[in-house]
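Fold and geometry: a report
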Amino acid sequence: MASLSSYTSFPPRVLLLHRQQSKPILFPPDSTPSIRQLYTKPISFSRRSRVAINATAAASDSSGNSNPSSPAKKLREIMQSPGVLQGPCCFDALSAKLVERAGFPYCLTTGLSISAARVGLPDKGLISYGEMVDQGQQITQAVSIPVIGDGGNGFGNAINVKRTVKGYIRAGFAGIIINDQVSSGGGRGVVSREEAVMRVKAAVDARRECGSDIVIVAQTGSREVMSLEESFSRARAFTDAGADVLSVDSLVSREEMKSFCNVYPLVPKLANMLETGGKIPMLNPLEIEEIGYKLVAYPLSLIGVSIRAMQDALLAIKGGRIPPPGSMPSLEEIEGILGYDTYREEEKRYAISSSSNRGSSSSSVYGNQRVAQDESKQRVEDPVVEVMVPEVVSNESRNPFSRIWSRSLRIKIIGRDGFEKLDVRIPAGFLEGVTNIVPGNSKSSSLFCLFSFCFSDNDRAWGLFVALGGVNLKQLMDDAADEVGGKLLLDFKDTAGDRIQVFLE
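Residues numbered from 1 in each chain as written. Predicted model: local features only at pLDDT ≥ 70, side-chain atom pairs only at ≥ 80, totals over all residues. Heavy atoms only, no water.

By the naming in an unreviewed UniProt entry, the protein goes by Isocitrate lyase and is assigned to Brassica campestris.

Structure (structure tokens):
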């Protein structure tokens, strides 16, 4: 391997420190980065003592003060602390809260876990950019620790990468992982080195255009697809393009991991500890630190144990039992995790005293009295208009629907494949008004109106109407109007094989 002195120099990095917020709050503050950014010229250092400083980290406002709320600044500060930094991978707001409560300084997201939790689908490009950004925003707003988001391959070419990075910045991410895969979701193919570098450059440009200091993690999967040397060459090129952190997937030994950490040794490295099925050796944090890594991610732990815990609970419930007490938190613990105590404190802070309510009520009553007096004076001067309201005569025999206006018709359609296609309720008296404007016999027109309501296809509605043309739906409803509870009025299969049921509830 070439010595460090033979590598081309890379842009210096400046890491700004600030004090993290010590007291947790119910709603973490907005972490939108400052719009303005201070740029400095690259500082020349000896290649033997190159220092990791990045000019883009010096984001500041017009007065020159750094933005203390920037998630990326928090992450950069954490990365300056000694030792390796463990980062469990979360998949929603609740799992992120648990990571924070456990005392981890940061966390990550993965496309696999978010795709599983949000849409229940494999991480093969089926989840969209918008869904990933939305889920990420829910996560970042739930915690005060910085979050590194999985940006995959940027959802397309370099232009898509720019849009992805900007979206992740707006969502509040402290960092973003961009890889060189051809398709999202762990595909074996990688793009050319040139295209991969362009993705990183696009990410850096997007960061600059937003005035952000988001940490860019460049990841390559070329070790498995191409060669170890190619993965190292890409890592060097990613750094030269402006990446802040490097990661190489599928390293198979400690020696390969050590060699990777010697590529630009002062640039932080991320180890992806795939808990099951991965090729990278499973090492403890001290061993990982000794090799030279700064960050370590655990992508499957939280989603994996969540799946197993839910399976065990469902198995217990199906067997007529409940999960054992030790396998689930108490209600008080759940409330503590979700911040009920903080909510109650906020509720007390903005509570309105009962005396204020009485005062406002009496004031409203007094005001209403004044308005009533003014209106009464006005009415003296206005002409008197007598409104004649015709008496409503109840005649059950003349109005078969008079007893069922308080009832509902439920129409349920189950397809021949067993899946439910429709389950709706309409006021039972609705048909009376509709049939009055439909020409023809009201006994049959009510049935046609019902089918027209259920099906957008008028031909299908007419076919059902013809098949049941002799059924008097009004009479069926009238006969069942006095019965307590619900009653099944119709139950049949149409020509398409769908089962159609009509209930009076």
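On to the overall build of the protein. Of regular secondary structure, the protein possesses 18 helices and twelve strands. The buried share of the protein, taken over its 505 residues, is 42%. In the protein, of all internal contacts separated by at least 6 residues, the share reaching a separation of at least 24 is 68%. For the protein, the accessible area works out to roughly 27700 Å², and carbon and sulfur atoms hold 55% of it. (Helix = DSSP H or I, 4+ residues; strand = E, 2+ residues; numbered from the N terminus. Buried < 20%, exposed > 50% of the residue type's maximum accessible area, 1.4 Å probe, protein only. Contact = heavy atoms within 4.5 Å. Areas by Shrake-Rupley, 256 points an atom, 1.4 Å probe, with all protein chains shown as cover.)

For residues other than glycine, phi is negative in most cases, and the peptide bonds are mostly trans. At serine 250, a residue that is not glycine, the phi angle is positive and equals roughly 65°. Tracing the sequence through the fold places serine 250 in the loop between strand 6 (245–248) and helix 9 (254–261). What makes serine 250 partly exposed here is its relative accessible area of 23%.

Turning our eyes to something else, we now look at the packing of aromatic side chains. For the coordinates displayed, the defined rule picks out four aromatic pairs. When the centroid spacing of 6.1 Å and the interplanar angle of 50° are considered together, the rings of phenylalanine 260 and tyrosine 293 count as tilted. A residue pair is termed long-range when its members are at least 10 positions apart, and phenylalanine 260 in helix 9 and tyrosine 293 in the loop between helix 10 (285–291) and strand 8 (295–298) qualify at 33 residues. The same class applies to phenylalanine 260 and to tyrosine 293, which are both buried. Cluster of aromatic residues (ring-pair linked, three or more members): Phe232, Phe260 and Tyr293. (Phe/Tyr/Trp six-rings, centres within 6.5 Å; stacked < 30°, edge-to-face > 60°.)

It is worth spelling out the sheet that holds strand 11 (residues 487–493) at this point. Taken in spatial order, the four strands of this open sheet run 10-9-12-11, and their pairing is antiparallel. The strands lining the two open edges of the sheet, one partner per strand, are strand 10 (420–427) and strand 11. Mean inter-strand twist for the sheet, computed between neighbouring axes without regard to direction, equals 10°. Here six bridges tie strand 9 (residues 408–414) to strand 12 (residues 499–504), and the two strands are oriented antiparallel to one another. Its bridge partner lying in strand 12, lysine 412 is registered against glutamine 501. Strands in contact with helix 18 (residues 473–480) are strand 9, strand 11 and strand 12; relative to strand 11, the strand with the most contacts, it is inclined by about 145°. (Pairing = 2+ DSSP bridges. Axes fitted to C-alpha atoms, helices over the stretch in contact; angles between N-to-C directions.)

As a packed pair, helix 2 (residues 93–101) and helix 12 (residues 331–338) sit with axes 10 Å apart at the nearest point and diverge in direction by 90°. For the element pair helix 2 / helix 12, the angle class is roughly perpendicular. Of helix 12, the residues touching helix 2 (which contributes Leu94, Lys97, Leu98 and Arg101) are Gly336, Ile337 and Leu338. Its residues assigned to classes, the contact of helix 2 with helix 12 shows four nonpolar, one polar and two charged. (Parallel < 35°, antiparallel > 145°, perpendicular 65-115°, else oblique. Nonpolar A, V, L, I, M, F, W, Y, C, P; charged D, E, K, R; others polar.)

Now for helix 6 (residues 193–210). Because the α-helix completes a turn every 3.6 residues, residues three or four places apart line up on one side. Look at helix 6: 26 Å from first C-alpha to last across 18 residues, which is about the 26 Å you get at 1.5 Å a residue. Within helix 6, burial applies to Ala196, Val197, Arg199, Val200, Ala202, Ala203, Val204, Ala206 and Arg207. Contacts from the buried residues of helix 6 go to helix 1 (71–79), helix 5 (158–170), strand 4 (175–179), strand 5 (215–220) and helix 8 (228–241). (Expected span 1.5 Å × (residues − 1).)

Attention shifts here to the environment of threonine 220. Among the secondary structure elements, threonine 220 is positioned in strand 5. Residue class for threonine 220 comes out buried when judged on its relative accessible area of 1%. Sequence-wise, threonine 220 and isoleucine 178 are 42 residues apart; in three dimensions their C-alpha atoms are separated by 8.6 Å. Ignoring anything within four residues of it in the chain, the contact list for threonine 220 reads Asp180, Ser231, Arg234, Phe238, Ser247, Val248 and Asp249.

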